[in-house]
Amino acid sequence: MSPIAHRIYLLTLTVIALAVTLAVGIYGANYYQTNLEERFFHDQNEILKPSGFVGHGLGITGSFMMLVGVFGYMARKRFRSLSRLGLLKHWLEFHIFLCTLGPFLVLYHTAFKFGGLVAISFWSMVAVVASGVVGRFIYLQIPRTIEGRELNLSELSHKKTSFFSDLKEKFALEDDLISFLSNAFVSEEDLYQGSFFSKMRQRLRFEKILRRNIKQELLQHNLSKKVCKRMIKIVSAEIVLTRRIAWLETMHKFLEHWHVIHLPFALIMLVIMVIHVAVVALFGYTWIF
């Protein structure tokens, strides 16, 4: 998948998720805002209640999306026979899409009425989604190839070593400018104080100042605006890579702790979902089949 096709793919998934969530929310806004005691008399009650045609359908669709999102991604990660079916990072993005839209559909299915096992499943689902957002952030902080494979330390070292020589060769830069850029990238990690999150704040502030200083330095070397723009983009990517290398060990630890939180909530949600579906079936509730 080319970079442009990948952007279109991500944009399409985002638009679908937002459009469906907003469409259902707008369609049932009046019903969902009605008091629980008065909903029985609402015109949309027969179709939007959890056992109604639309409400029941939303629950089935949302649950199916989450199951496909979870087990499809797990299968792609574990079975080598599926390695030819697209890049792992594209599967992860589709997993995020299904496991973001699915819970919203399930939320509409409940008609914002929670109780008993359903309440436990719902709050487990909320915890899964929230931890998923955190997990996505952690995942993005670990340097990877375009295919989504994590870079090892030797690959990262080579990438860092070749950066300035490639930059000099590509843009025919003067030695003093290369020297300035090289010195600018010296890590100030040891100077940061406090907890990791405090250091993170300090680092991001340092990077903001660094970008501004580099931009000013580039403009002073009579480079064209087009070259400056391309260089700033490349240098910004290198700043991000430098930060990710500095945080690599910490992010690996966070990822280990994240699995301990994310997986149990996901299992609780899935188990209760199965129990809920079984109980509904035993009581004879059907949809279009």
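What you see is a predicted model; the values in this text were computed from it and never measured.

Novice: Got a minute to help me understand the confidence of the model for the protein in this structure?
Specialist: Close inspection of predicted coordinates is inappropriate in any region flagged by low pLDDT. Of all residues in the protein, 88% have pLDDT values of 70 or greater, and the mean over the chain is 80. Mean pLDDT across the elements of the protein ranges from a minimum in helix α7 (residues 153-171), with 69, to a maximum in helix α1 (residues 3-27), with 92.

Novice: How should I be thinking about the environment of Y108 in this particular structure?
Specialist: Take Y108: it is sitting in helix α5 (residues 88-110). Each C-alpha atom, one on Y108 and one on L48, is 8.3 Å from the other, the two residues being 60 residues apart in sequence. Apart from residues lying up to four places away in sequence, Y108 is in contact with T21, V24, G25, Y32 and L58.

Novice: Honestly, the packing of aromatic side chains in this entry has me stumped. Any pointers?
Specialist: To describe a pair of aromatic rings, one takes the distance between the centres and the angle between the planes. For the structure shown, the criterion picks out six aromatic pairs. Ring geometry for Y32 versus F112: centroids 5.3 Å apart, planes at 70°, classification edge-to-face. In this pair, Y32 sits in helix α2 (residues 29-33) while F112 sits in the loop between α5 and α6 (116-140), placing the two residues 80 residues apart along the sequence. Taking relative accessible area as the criterion, F112 reaches 37% and is therefore assigned partly exposed. Put simply, the rings of Y31, Y32, Y108 and F112 touch in pairs and so form one group of aromatic residues. Between the NZ or CZ atom of R39 and the centre of the ring of Y31, over which it lies, the distance is 5.1 Å.

Novice: Hey, could you run me through the packing of helix α4 (residues 53-78) against helix α11 (residues 248-282) in this one?
Specialist: For any two helices packed against each other, the geometry is given by the interaxial angle and the distance between the axes. Packing of α4 against α11 brings their axes to within 12 Å, and their N-to-C directions diverge by 140°. Between α4 and α11, the interaxial angle falls into the category oblique. Remark: the crossing between α4 and α11 carries left-handed chirality. For the pair α4 and α11, contact is made by S63, M66, L67, V70 and F71 and by M269, L270 and M273, respectively. The residue inventory of the contact of α4 with α11, partitioned by class, reads seven nonpolar, one polar and no charged.

Novice: Would you mind showing me how to read α5 here?
Specialist: For an α-helix, 3.6 residues make a turn, and residues three or four places apart therefore share a direction. The end-to-end C-alpha distance of α5, which contains 23 residues, comes to 33 Å, matching closely the 33 Å that a straight helix rising 1.5 Å per residue would cover. Count one or two residues on from α5 and you reach A111, which has phi positive near 55°.

Novice: What exactly am I supposed to notice about a nonpolar patch on the surface here?
Specialist: Residues V271, I275, V279, L282, F283 and Y285 make up a contiguous nonpolar surface patch of roughly 660 Å² in combined accessible area. Within the secondary structure, V271 is located in helix α11.

What counts, and at which threshold
Residues numbered from 1 in each chain as written. Predicted model: local features only at pLDDT ≥ 70, side-chain atom pairs only at ≥ 80, totals over all residues. Heavy atoms only, no water. pLDDT = per-residue confidence, 0-100. Helix = DSSP H or I, 4+ residues; strand = E, 2+ residues; numbered from the N terminus. Contact = heavy atoms within 4.5 Å. Phe/Tyr/Trp six-rings, centres within 6.5 Å; stacked < 30°, edge-to-face > 60°. Buried < 20%, exposed > 50% of the residue type's maximum accessible area, 1.4 Å probe, protein only. Lys NZ or Arg CZ within 6 Å of the ring centre and 35° of its normal. Axes fitted to C-alpha atoms, helices over the stretch in contact; angles between N-to-C directions. Parallel < 35°, antiparallel > 145°, perpendicular 65-115°, else oblique. Left-handed = near helix turned anticlockwise from the far one by under 90°. Nonpolar A, V, L, I, M, F, W, Y, C, P; charged D, E, K, R; others polar. Expected span 1.5 Å × (residues − 1). Patch = residues over 30% accessible without salt bridge, like charges linked within 9 Å, V, L, I, M, F, W, Y side chains within 5 Å. Areas by Shrake-Rupley, 256 points an atom, 1.4 Å probe, with all protein chains shown as cover. Salt bridge = Lys/Arg side-chain N within 4 Å of Asp/Glu carboxyl O.

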